[in-house]
Amino acid sequence: MHKKNISVAIIGAGASGTILAHQILEKASLISDAGVKIYLIEKDGDHGPGLAYSTPLPAHILNMRADTLGVINGDPLHFVKWLEGYDSKSKASWVDINYPPRNVYGEYLRAVLDLTIKKAGSCSCSIEIISGEAVDVDNNGRAFCVRMAVGGVIDAENVVLAPGNFPGAFLSELKETKGYIPYPWPVSDITDNIPRDKPVCILGAGLSAIDTLITLLENGHTEKITFLSRNGLLPKVQGPAFDYQLKYVNKENIDRLLSESDDNSISFDQVKRLYMDEVEGAAGNKINWLDVFNPQGAADQILEMDISRAESGVIPYQAALTSSGPLTGYIWNSMSIDDRMRFDREYKTVWAVYRHPMPLINAKKILKALRSGQLDIQQGRTSIRPGSKGGFEIDVTTRLGVPFVLKAPCIINATGQETDITKFESILIKRLIKKGSIFPHPNGGIYVDFYTSVVKEKSGKGIHGLYALGEITRGVHFFTNGVVPNMVSSGRISDSILGENWC
Ligand SMILES: Cc1cc2nc3c(=O)[nH]c(=O)nc-3n(C[C@H](O)[C@H](O)[C@H](O)COP(=O)(O)OP(=O)(O)OC[C@H]3O[C@@H](n4cnc5c(N)ncnc54)[C@H](O)[C@@H]3O)c2cc1C
């Protein structure tokens, strides 16, 4: 039976919280007299876009094709259709209509929220849009009480934690040092503080580092820019979309391996083998895996080859990896914690390089910057200290063991988001850890039930009515840094909140 007259407080109104609110009301509208009440709480005052889709720069484009990012169930092309009605003058300035500016996607999410508000008005439900920071959640066993920073409380039978992305704590000791920018967001932290005529070192070489490079170039930066990362690898370049039928990495094979195991888990080596078979099967030939895990060659030459490959048609391994996306959470959850740790230590970066390729437009910008000599990419392990005459001195030891000192007046840390919740800069998260409501997962985020996303205490017991959504469930769900997986989780949470058989 479905539940009626329930209340839900969603903490965080980025893409995840916004999509969840829509899904709950969409489903509730099919129940007569559902009487659902939603409180959508956002500390930044802008409900919908969240961190990723509020950048003001049009040059920060979506990393995925528009036709994969519709958020309405049963209407996968909803975003594309919404774009058809978008201002044509503005559209004419986009390099590729398939990769609109991310802030346009932010507008789309605001439009989805408007739809949600209308939906609530048309059924016996309501949604209250609340601006302010939630700083605590108390549980009296029957309901929750969300405490707001400015005072006041919100009572609700269900609470969903959807606080999203937090800056990495790596190098936090440099936080107050002049010339050091700990996080590339908001972009004004860069444009207001980095002189255009000073060399800059960007830590990282992934999608965040590329966004940071684009911020600097759009701001008219004239001096040298260096990417410094442990492996010096850029993300691969996205080829065209392609339907692909998985032959090895599929649920049947995972379930078979699980049934054959003594401890109901599969090993990382088994998963790796399945993926290697899949990619070789997709390519139709044997692959030199050393080249994949440890590519050799100058960055501009590798990038030029990747661009030409993306321009010349479908890239089989990308089709295979993309198709495996919906299964990755299940596979991840079937591995032991130790094997997940091993993946994080040894393969996380290379996985991101191949699994989350960059759009062609960005690849061409990087190649241009590399060829002009403005950008270079250094690879190596580092230690960083403030220089004696200002700026920074960075000890770099390349993989070939050659040491050198890189001097940079400014450093921007673009190594990505924090996954260790004990390091989140959030009063709410700190308080929930302290009172034992949430418990750090060794692979990042907190413990939740895999299917319902109900938050689990240290004892493993679920806290009835308390859910988590987005990056904060990374240790359990793995693929949490995208709209699509967070839509799937929203679907399960909304089902659980409305009762298993909600319709
Ligand atoms: C730079 C960047 C680019 C990306 N590009 C893409 C892309 O092209 N395609 C894709 O699928 N994915 C992309 N992603 C992944 C992206 O993170 C997810 O797609 C999705 O936007 C995450 O949404 P979220 O709501 O979980 O998190 P967030 O966007 O971080 O939103 C969380 C919200 O919660 C609020 N909040 C936090 N704590 C509190 C509190 N205590 N009280 C009240 N409010 C609170 C925050 O202010 C924030 O607005 C990108 C990520 C980044 C960082």
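Cut-offs applied
- Residues numbered from 1 in each chain as written.
- Predicted model: local features only at pLDDT ≥ 70, side-chain atom pairs only at ≥ 80, totals over all residues.
- Heavy atoms only, no water.
- Pairing = 2+ DSSP bridges.
- Helix = DSSP H or I, 4+ residues; strand = E, 2+ residues; numbered from the N terminus.
- Axes fitted to C-alpha atoms, helices over the stretch in contact; angles between N-to-C directions.
- Contact = heavy atoms within 4.5 Å.
- Domains from an automatic or database assignment.
- Buried area = accessible area lost by both parts, 1.4 Å probe.
- Salt bridge = Lys/Arg side-chain N within 4 Å of Asp/Glu carboxyl O.
- Polar contact = N/O pair within 3.5 Å; in protein donor to acceptor, adjacent residues only side chain to side chain.
- Near = heavy atom within 4 Å.
- Areas by Shrake-Rupley, 256 points an atom, 1.4 Å probe, with all protein chains shown as cover.
- Nonpolar A, V, L, I, M, F, W, Y, C, P; charged D, E, K, R; others polar.
- Core = buried A, V, L, I, M, F, W, Y, C linked by side-chain atoms within 4.5 Å.
- Buried < 20%, exposed > 50% of the residue type's maximum accessible area, 1.4 Å probe, protein only.
- Phe/Tyr/Trp six-rings, centres within 6.5 Å; stacked < 30°, edge-to-face > 60°.
- Expected span 1.5 Å × (residues − 1).
- Arc of directions from axis to C-beta.

(A) Looking closely at the sheet that holds strand E14 (residues 403-408). Reading across from one edge, E12-E13-E14 is the order of the 3 strands in this open sheet, with antiparallel pairing throughout. On the outer flanks of this sheet lie strand E12 (381-386) and E14, each paired with one strand and no other. Taking the axes of each pair of neighbouring strands and ignoring which way they run, one obtains an average angle of 20° across the sheet. In this structure, strand E13 (residues 392-397) lies alongside E14, joined through 6 bridges in antiparallel fashion. Each bridged residue has a counterpart across the sheet, and for Val 396 the counterpart in E14 is Phe 404.

(B) Highlighting the environment of Met 64. Among the structural elements, Met 64 can be located in the loop between strand E2 (37-42) and helix H2 (78-84). For Met 64, the contacting residues outside a window of four places in its chain are Leu 69, Asn 98, Tyr 99, Gln 238 and Val 484.

(C) The arrangement of the domain arrangement of the protein chain in detail. As far as domains go, the protein chain holds domain 1 (7-56 + 112-166 + 419-498), domain 2 (172-235 + 359-413) and domain 3 (251-355). For domain 1 and domain 2, the distance between their C-alpha centroids amounts to 34 Å. The partner domain 2 presents 4 residues to the 6 residues of domain 1 that form the contact. Together domain 1 and domain 2 conceal approximately 360 Å² of surface at their shared face, both sides included; 66% is due to carbon and sulfur atoms. Considering only the surface of domain 1 that becomes buried against domain 2, Leu 51, Thr 55 and Glu 425 emerge as the three largest contributors, covering 69% of it. Between the two partners, domain 1 and domain 2, sit 1 salt bridge. When the shortest N-O distance is used, the salt bridge between Glu 425 and Lys 175 registers 3.2 Å. Across the domain 1-domain 2 interface, the total number found is 1 residue pair in polar contact (both at pLDDT 80 or more).

(D) Representation of the site of the ligand in the model. Taken together, 33 residues sit near the ligand, with Ser 16, Glu 42, Asn 63, Ala 134 and Val 483 positioned nearest. Here an oxygen atom of the ligand and a side-chain polar atom of Asp 44 are 3.4 Å apart. Leu 51 is positioned with one of its backbone polar atoms (N or O) 3.0 Å from an oxygen atom of the ligand. Contact with the protein chains covers 94% of the free accessible surface of the ligand, which is 990 Å². Within the residue set of the shell around the ligand, elements represented by two or more residues are helix H1 (15-28) and E2. Across the shell around the ligand, the residue classes break down as 16 nonpolar, 11 polar and 6 charged.

(E) Summary view of the nonpolar core. Membership of the largest hydrophobic core comes to 95 residues, with the highest contact counts inside it found for Val 146, Phe 227 and Leu 303. Considering each element in turn, this core owes the most residues, 7 residues, to helix H8 (residues 268-283). By size, the runner-up hydrophobic cluster in this structure holds 27 residues, among which are Ile 31, Val 36, Ile 497 and Leu 498.

(F) Structural view of the packing of aromatic side chains. The tally for this structure, following the rule as stated, stands at 23 aromatic pairs. Ring centres of Trp 82 and Tyr 86 lie 5.5 Å apart, and the angle between their planes is 45°; on these two criteria the pair is classed as tilted. With 5.0 Å between their ring centres and 40° between their planes, Phe 268 and Tyr 347 make a pair best called tilted. Note that Phe 268 is positioned in helix H8 and Tyr 347 in the loop between helix H13 (337-346) and helix H14 (348-355), a separation of 79 residues in sequence. Put simply, the rings of Phe 268, Tyr 275, Trp 289, Phe 293, Trp 332, Phe 343, Tyr 347, Trp 351 and Phe 478 pair up and form one aromatic cluster.

(G) Examining the sheet that holds strand E3 (residues 126-131) more closely. As summarised here, the arrangement of the 6 strands in space is E3-E2-E1-E7-E17-E16, forming an open sheet in which the pairing is mixed. With one partner strand each, in any of the chains shown, E3 and strand E16 (454-456) form the two edges of the open sheet. For this sheet the average axis-to-axis angle between neighbouring strands, irrespective of direction, equals 30°. In terms of strand pairing, strand E1 (residues 7-11) meets strand E7 (residues 158-161) through 4 bridges, oriented parallel.

(H) Structural detail: the environment of Thr 222. Checked against the element boundaries, Thr 222 lands in the loop between helix H6 (207-218) and strand E10 (225-229). Sequence separation between Thr 222 and Leu 207 is 15 residues; the distance between their C-alpha atoms is 22 Å. Contacts of Thr 222, omitting those with residues within four sequence positions, involve Arg 196, Asp 197 and Gln 374.

(I) Layout of helix H10 (residues 299-311). Here H10 spans 18 Å end to end across 13 residues, near enough to the 18 Å set by a 1.5 Å rise per residue. Buried within H10 are the following residues: Ile 302, Leu 303, Asp 306, Ile 307 and Ala 310. Looking straight down H10, one finds its buried side chains confined to an arc of 135°; they lie on one side. Where H10 is buried, its residues meet helix H15 (360-372). After H10 finishes, the residue Gly 313 shows a positive phi value of roughly 135°.

(J) Local environment of the side chain of Asn 253. Mapped onto the fold, Asn 253 is located in helix H7 (residues 251-260). Setting aside anything within four residues of it in sequence, one finds Asn 253 in contact with Lys 247, Tyr 248 and Leu 274.

(K) Fine view of the pattern of salt bridges. The full count for this structure, using the stated rule, is 26 salt bridges. With a closest N to O distance of 3.1 Å, Arg 342 and Asp 269 form a salt bridge. Within this pair, whereas Arg 342 is found in helix H13, its partner Asp 269 is found in helix H8, the two being separated by 73 residues in sequence. You can call Asp 269 partly exposed: its relative accessible area is 44%.

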